[in-house]
Amino acid sequence: MNETRTAAASGRTSKRAQWIAVASLLGATLFWAGNYIVGKTAVETLDPLGLVLLRWAIALVPLLVIAQLTERPDWRRLLAAWRWLAVLSVFGMLGYNLFLYAALEHTDAFSASLVNAFNPALITLAAAVFLRERLTPLAIAGVALALAGVLIVLGGGDPRSLLDTGFGTGELLMIGAIAAWTAYTVIGRRAPKLPPVTATAAQAAIAVAVLAPISFATGGPALPGTGPALASLLFIAVFPSVLSYVLWNRALTVIPPGRAGVFLNLITVFTAAFTILAGQHYSAAQIVGGLIVITGVVLANARALRPGRPPQ
C-alpha cells in the first residue's frame, strides 16, 4: 500500500515538474521574442554596440548573484576554462547580439525573427559537418524545407526575385546573427561542462570587458535619453538576458535539450502575435514562409523528439 502511494506521489511530482518545465520554456521564449520587439525600439535611440554593452553590464550582477546562490560554482574550475568561455562570449554574447541589433536598424522584428527561425535547422546541418552527428534523410528534408521557407520570406513570396534584388541589409545581418549562434552552439558542445548560469555570467563579464574600451574609445556608450529608451534597455537587460537563461536552464534539468530546442520556434510565433496585436504590417509571404520554416525545423529535429530519447 505504501509503495503504491509513493509511486502515485512520485508520478504526480514528475508530472508537476514537467508542467513547470514547459512553463519555464514558454516564459524563456516569450522574453526572447520580446527582445526582438523591444530591441527594435531600443535601436532607435541606442547604437548596437552601446546597447549590447549596457545590456550585459546591467545583467551581469543578477547573473552572478543567481549563479552563486543556485549553483555554488567552483570559480577556479571556471577560470581554467577561460579560453572556451572567451570564444563562446565572442560568438554568443557579442556576435549574435551585435548582428541582431544592427539588423533591427534595417528590418522589422517579425522579419528578423523569421530568419532566426531557420537557426535550429542550420545548427543541425553544422553539427553534421563539424561534429559528425548523423544526418538522416528526414533531417535533410527538414533543413531543405526550412531553407525554402526562409527564401520565401526574404523574397516576399517569390524566392526567384532574390536573383535580381539580392538580400536586404537587415536580412544579411540576421544571416550573420544565426551563423554566429550556430558557431556558439557547436563550439559549446565541445566545451567543458560548466554550471549554465555561471557560464552565462562569465561570458557576460567577458563581453563587457571586450566592449567597454571599444565603446569608450568611440565616444560611447550613449545612455538612454528618454523614459521609453530606458525602459527598453532595462527590459532587455532583465528579461531576455537574465530570466530567459535561468528559466531555460531550469527546464533543461527535466526536458531533454533536443525536445526543448523545438520550443525556440515559439520566438517567431510570439513575435508574430506581438506584431499582429500591435497592428503592425505583415504579409502573407511572412506567415506562409514562417510556417514552412517551423515545419522544416521540426522535421530536422524529429529524432530528438521521439519519446524516450535520452538527452544529448
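Residues numbered from 1 in each chain as written. Predicted model: local features only at pLDDT ≥ 70, side-chain atom pairs only at ≥ 80, totals over all residues. Heavy atoms only, no water.

**As for the nonpolar core**
Stated formally: Here, the term nonpolar core denotes a set of buried Ala, Val, Leu, Ile, Met, Phe, Trp, Tyr and Cys residues that are joined through side-chain atoms within 4.5 Å. To sort residues, take the accessible area from a 1.4 Å probe on protein chains only and compare it with the maximum for the residue type: under 20% means buried, over 50% means exposed, and anything in between is partly exposed.
If you look at the biggest cluster of nonpolar residues, it comprises 65 residues, and the most contacted ones within it are Tyr36, Leu51, Trp56, Leu63, Tyr101 and Met174. By size, the runner-up hydrophobic cluster in this structure holds six residues, among which are Leu78, Ala81, Leu85 and Leu194.

**With respect to the confidence of the model for the protein**
The cut-off we apply is this: Confidence of the prediction at every residue is given by pLDDT, a number between 0 and 100. Helix and strand assignments follow DSSP, with helices taken as H or I runs no shorter than four residues and strands as E runs no shorter than two, numbered in order from the N terminus. Between two residues, a contact is recorded if the distance between any of their heavy atoms is within 4.5 Å.
Residues of the protein with pLDDT of at least 70 account for 90%, and the chain-wide mean is 85. In the model of the protein, helix 15 (residues 302-305) stands out as the element of lowest mean pLDDT, 62, in contrast to helix 4 (residues 82-104), which has the highest, 96. Per-residue pLDDT stays below 50 along residues 3-10; that stretch engages in zero contacts with residues further than four places along the chain or on separate chains. Within the model, pLDDT remains below 50 along residues 308-312, and this stretch shows eight contacts once partners closer than five positions in the same chain are excluded.

**Thoughts on the side chain of serine 111**
Here serine 111 lies in helix 5 (residues 109-116). Residue classification places serine 111 among the buried residues on the basis of a relative accessible area of 11%. The contacts of serine 111, once residues within four sequence positions are left out, are Glu171 and Gln286.

**Things to note about a nonpolar patch on the surface**
For clarity, the threshold we go by: Nonpolar side chains (Val, Leu, Ile, Met, Phe, Trp, Tyr) within 5 Å and like charges within 9 Å form the patches, drawn only from residues with over 30% relative accessible area and no salt bridge. Using a 1.4 Å probe, accessible areas were evaluated by the Shrake-Rupley method; residue-level cover was limited to the displayed protein chains. For salt bridges, the criterion is a side-chain nitrogen of Lys or Arg within 4 Å of an Asp or Glu carboxyl oxygen.
Together, Ile276, Tyr282, Ile287 and Leu291 give the surface a local cluster of nonpolar side chains, amounting to about 360 Å² of exposed area. Inspection of the secondary structure puts tyrosine 282 in the loop between helix 13 (266-277) and helix 14 (284-300). We classify tyrosine 282 as partly exposed; its relative accessible area is 38%.

**Topic: helix 7 (residues 137-154)**
Convention followed: Expected span, for any helix, means 1.5 Å times one less than how many residues it has.
Taking 1.5 Å per residue, 18 residues should reach 26 Å; helix 7 reaches 26 Å between its end C-alpha atoms and fits that length. Glycine 156 occupies a position one or two residues after helix 7 and carries a positive phi of about 65°.

**Looking at unusual backbone geometry**
Positioned with a positive phi, arginine 72 is a non-glycine residue whose angle comes to about 45°. For arginine 72, the position within the fold is in the loop between helix 2 (48-71) and helix 3 (75-80). Here arginine 72 falls in the exposed class, since its relative accessible area comes to 59%. At arginine 132, a position not held by glycine, the phi torsion is positive, near 60°. Here arginine 132 lies in the loop between helix 6 (119-130) and helix 7.

**Quick notes on the packing of aromatic side chains**
Condition: Centre distance within 6.5 Å is the pairing criterion for rings of Phe, Tyr and Trp, where only the six-membered ring of Trp is used; planes under 30 degrees apart are then read as stacked, over 60 as edge-to-face, and the remainder as tilted.
Evaluated as defined, the whole model comprises seven aromatic pairs. Summarising the aromatic geometry, the rings of tryptophan 32 and tyrosine 245 are spaced 5.7 Å apart at their centres and angled 90° between planes, so their arrangement reads as edge-to-face. Of the two residues, tryptophan 32 sits in helix 1 (residues 2-42) while tyrosine 245 sits in helix 11 (residues 227-251), which places them 213 residues apart along the sequence. Residue tryptophan 32 shares its accessibility class with tyrosine 245, and that shared class is buried. One aromatic cluster is present, built from ring pairs that chain together Trp32, Trp56, Tyr245 and Trp248.

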